[in-house]
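One letter stands for each residue in the lines below.
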Amino acid sequence: MVNLRVKRGIGSITAVALLLSGASLALAAPANAEPGAVRVTSINPNEDTYMGWHEGTKNGASASSLSWAGLSLGTGADSQILNGLVDSGAPGIEITSDELLSNITHSQIRITSGAVYQQVPVTFGTSGWATLRPAAPETSATEIPFSDRYTALWVSSKPIGELAANTPVTLEEVGRHLRLQGNLRYSGFGLFAQASAPALVSSMVWDGWQYFFSPSFTKVAERETINVAAADIRANESTYAGWHEGYENSVPAFSITGEGLSLGNGANSQIINGFTAPSVTSDLASLIISGDMEKVSGTAHFQLPLTYGADDSFTTLRQNTVWGYIFSPYSAYISSKAIPATDSTPAIAANTSVPFGTMISALEAHGNIKVLGFGILAEATDPVVVESVLWDGVRYNFVPKATTPPVEPTTPPVEPTTPPVEPTTPPVEPTTPPVEPTTPPVEPTTPPVEPTTPPVVAPVVGTGMPSTTAPSAPGSSFTFTASGFTPNSDVQVFLHSTPVLLGTFRADALGVVKATVTIPAGAEAGTHHIVLVDSVTGFTVSSAAFTVSPAAAATNVKAATDTKSVSGALASTGFDALMPALLAGLLVLAGLGIGAFQLVTKRRRTAQ
């Protein structure tokens, strides 16, 4: 379930519709919009219209494409994919050289394979124009510490005053020449890949906005509601079809209460709704993204047993996100079985967290996907209460007892005016006994149960988060320490409910990150959370709710992201915006004695 919202620039209603429906987003947010996340689902094949994402290289055939794995470019020909921020012939967005260099040094590109050059078209002076790019391309292995980004070598496609074209100089030097020319504007940003090294990019960040590349999809509309009572769930898997327990527990580990389905009580529990016949699908991504689960408490893992490929290989997919983005293209997934490589996709190891798009692309490359059912897994160490689950347009509500009120007649019954006619002849008795079956009925077979156990994550401890009792003022800063992340990985820090990227920080060799962030001056008054996301595993933790006090409205205020204060190098690639993913730990405020990071759950069921 996608919960992201974009507030200004393209409009909150339009942005939410684009994110949920998978519609194409042609425009980027303007420079004064609040940071957020945008899905890019279409790219114009030429530069007939400059505004929006388009191909800037004049190719006879398209050299780029979108898949669930991301944006492929440089396929068969050089390819320049730009996001134009202005109309053709219109002046660019006014910007200072310092602001432009800040956007460049804070940009991030997640490269899966190949090599790409970042592209920034600019105008300056009275009639000068050029495209800026790094002197060397970036790959998935490129790591440039933030402190070195201003001294990294860049080139300009055209002369800038005394700076000759295609002459490598430091980015600082490029900024100095632009400052001397004056009247600086930029008209967009993008990526360039050569046919000799075609690239695959899953996402990029520019000016605080996260752009995810994927195909469009159609969200399955919710069309029906079914109540599921305790009597509807079998305690074993004697037959696969229908609701049943997938684990062989001597004592049932599930029940249905007034709040919903309670499972993981005393033992691991996997409640599955098996299909009578496998459901063949050519659009697994849309089915998953259209799903939903209303959770009251605990850590619930959505389960999706399926087969794929010519030999109907079996596996169970499990989302690796236990926060609010389970059914999202930004989430991560795990396969209980290894998925072999194909000509176009890499192998996926069993029980290894990978981005949603990587998992979907791998299964689609094998083809013949058949969904066998769906369900919920909970461990005895963390019991769960789930109010409802939505799959393929049907919402299943878990209720203690399925009852149907009697229908009252609207008119009195009609009394017969004549007595019934008695038969005049006795009924004919059969002359031969019924034929008994000669063979016993065939028992249904069931696919193997694949209950998997989520990986154990190191405990998380930390200090320094805002108080849950005293309001925090916009513009106030705080420093915190957290552990349990992938060693030497990038960790993103967001302000929620509307996600605002406060900064990206580098975990040390022990997986510990220390960061100083500032509540944006333009933050809305009310209840918020601080969310940390591990860019490698999708590991996510969320703070307890705290209050931001009212302040004068402000726009175009960047959050403080002083990555220089973090030890270790900050990678310019490897950014994995799996919008908030796995919550596997609890961050506790030292000295305050209150829970600082806790699970954010759905509303509780109202009285029936």
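On to the overall build of the protein, then. In terms of regular secondary structure, the protein is built from 5 helices and 38 strands. Contacts spanning at least 24 positions in sequence make up 69% of the contacts within the protein whose residues lie at least 6 apart. Summed over all atoms, the accessible surface of the protein reaches about 26,700 Å², with 57% contributed by carbon and sulfur.

A word on the sheet that holds strand E22 (residues 301-308). Spatially, the 7 strands line up as an open sheet ordered E17-E20-E26-E22-E23-E24-E25, and their pairing is antiparallel. Edge strands, defined here as strands with exactly one partner in the open sheet, are strand E17 (242-245) and strand E25 (354-355). Here E17 pairs with strand E20 (residues 269-281) via 4 bridges, running antiparallel. Considered in E20, the bridge of His244 is made with Ile272.

Counting residues in each nonpolar core, the largest one holds 43 residues, and the members touching the most others are Trp243, Leu261, Leu284, Leu304, Leu363 and Phe398. When contributions to this core are tallied by element, the ones reaching two or more residues are strand E18 (254-256), strand E19 (261-263), helix H4 (284-289), E22, helix H5 (356-366), strand E26 (369-378), strand E27 (384-391) and strand E28 (394-398). Excluding its chain neighbours within four sequence positions, the residues that come into contact with Leu304 are Leu284, Ile288, Thr315, Thr316, Leu317, Val371, Gly373, Phe374 and Trp391. With 42 residues, the next largest nonpolar core counts Val86, Ile104, Leu132 and Ile160 among its residues.

In this section: the packing of helix H2 (residues 97-106) against helix H3 (residues 171-181). Put simply, H2 and H3 touch, their axes get as near as 9 Å, and they point 150° apart. On the basis of the axis angle, H2 is roughly antiparallel to H3. Our pair here, H2 against H3, has a crossing hand that is right-handed. Contact with H2, carried on its side by Ser97, Asp98, Leu100, Leu101, Ile104 and Thr105, involves Leu171, Glu172, Gly175, Leu178 and Arg179 of H3 and no other residues of that element.

Here Ser335 lies in strand E24 (residues 332-335). Residue Ser335 is classed as buried on the basis of its relative accessible area of 0%. A polar contact is formed between the side chain of Ser335 and the side chain of Thr315, at a distance of 2.6 Å. When residues no more than four places from it in sequence are discounted, the contact partners of Ser335 are Thr315, Thr316, Leu317, Ala349, Ala350, Asn351 and Met359.

The subject of this paragraph is unusual backbone geometry. Look at Asn183: it is not a glycine, yet its phi comes out positive at around 50°. Its place among the elements puts Asn183 in the loop between H3 and strand E12 (185-186). At Asp392, a position not held by glycine, the phi torsion is positive, near 50°. Within the element layout of this structure, Asp392 appears in the loop between E27 and E28. Look at Asp392 and you get partly exposed, because its relative accessible area is 30%.

Moving on, we get to the pairing of strand E8 (residues 117-124). Burial runs high along E8: 7 of the 8 residues are buried. Both E8 and strand E13 (residues 188-193) contribute to a ladder of 3 bridges, which runs antiparallel. For Gln118, the partnering residue across the bridge sits in E13 and is Leu191. The hairpin formed by E8 and strand E9 (residues 128-134) contains 3 residues between the paired strands, and Gly125 there has a positive phi angle of roughly 60°.

Summed over the entire model, instances satisfying the criterion amount to 6 salt bridges. Ionic pairing is found between Lys370 and Asp312, a salt bridge with its closest N-O pair at 3.5 Å. Of this pair, Lys370 sits in strand E26 while Asp312 sits in the loop between E22 and strand E23 (313-319); the two residues are 58 residues apart in sequence, bridging distant segments of the chain. Relative accessible area serves as the criterion here: at 33%, Asp312 is assigned to the partly exposed category. The partner of Arg506 in a salt bridge is Asp490, and the shortest N-O contact between them spans 2.9 Å. Remark: Asp490 occurs in strand E31 (residues 490-496) and Arg506 occurs in strand E32 (residues 500-506); sequence separation between them is 16 residues.

Parameters and conventions
- Residues numbered from 1 in each chain as written.
- Predicted model: local features only at pLDDT ≥ 70, side-chain atom pairs only at ≥ 80, totals over all residues.
- Heavy atoms only, no water.
- Helix = DSSP H or I, 4+ residues; strand = E, 2+ residues; numbered from the N terminus.
- Contact = heavy atoms within 4.5 Å.
- Areas by Shrake-Rupley, 256 points an atom, 1.4 Å probe, with all protein chains shown as cover.
- Pairing = 2+ DSSP bridges.
- Core = buried A, V, L, I, M, F, W, Y, C linked by side-chain atoms within 4.5 Å.
- Buried < 20%, exposed > 50% of the residue type's maximum accessible area, 1.4 Å probe, protein only.
- Axes fitted to C-alpha atoms, helices over the stretch in contact; angles between N-to-C directions.
- Parallel < 35°, antiparallel > 145°, perpendicular 65-115°, else oblique.
- Left-handed = near helix turned anticlockwise from the far one by under 90°.
- Polar contact = N/O pair within 3.5 Å; in protein donor to acceptor, adjacent residues only side chain to side chain.
- Salt bridge = Lys/Arg side-chain N within 4 Å of Asp/Glu carboxyl O.

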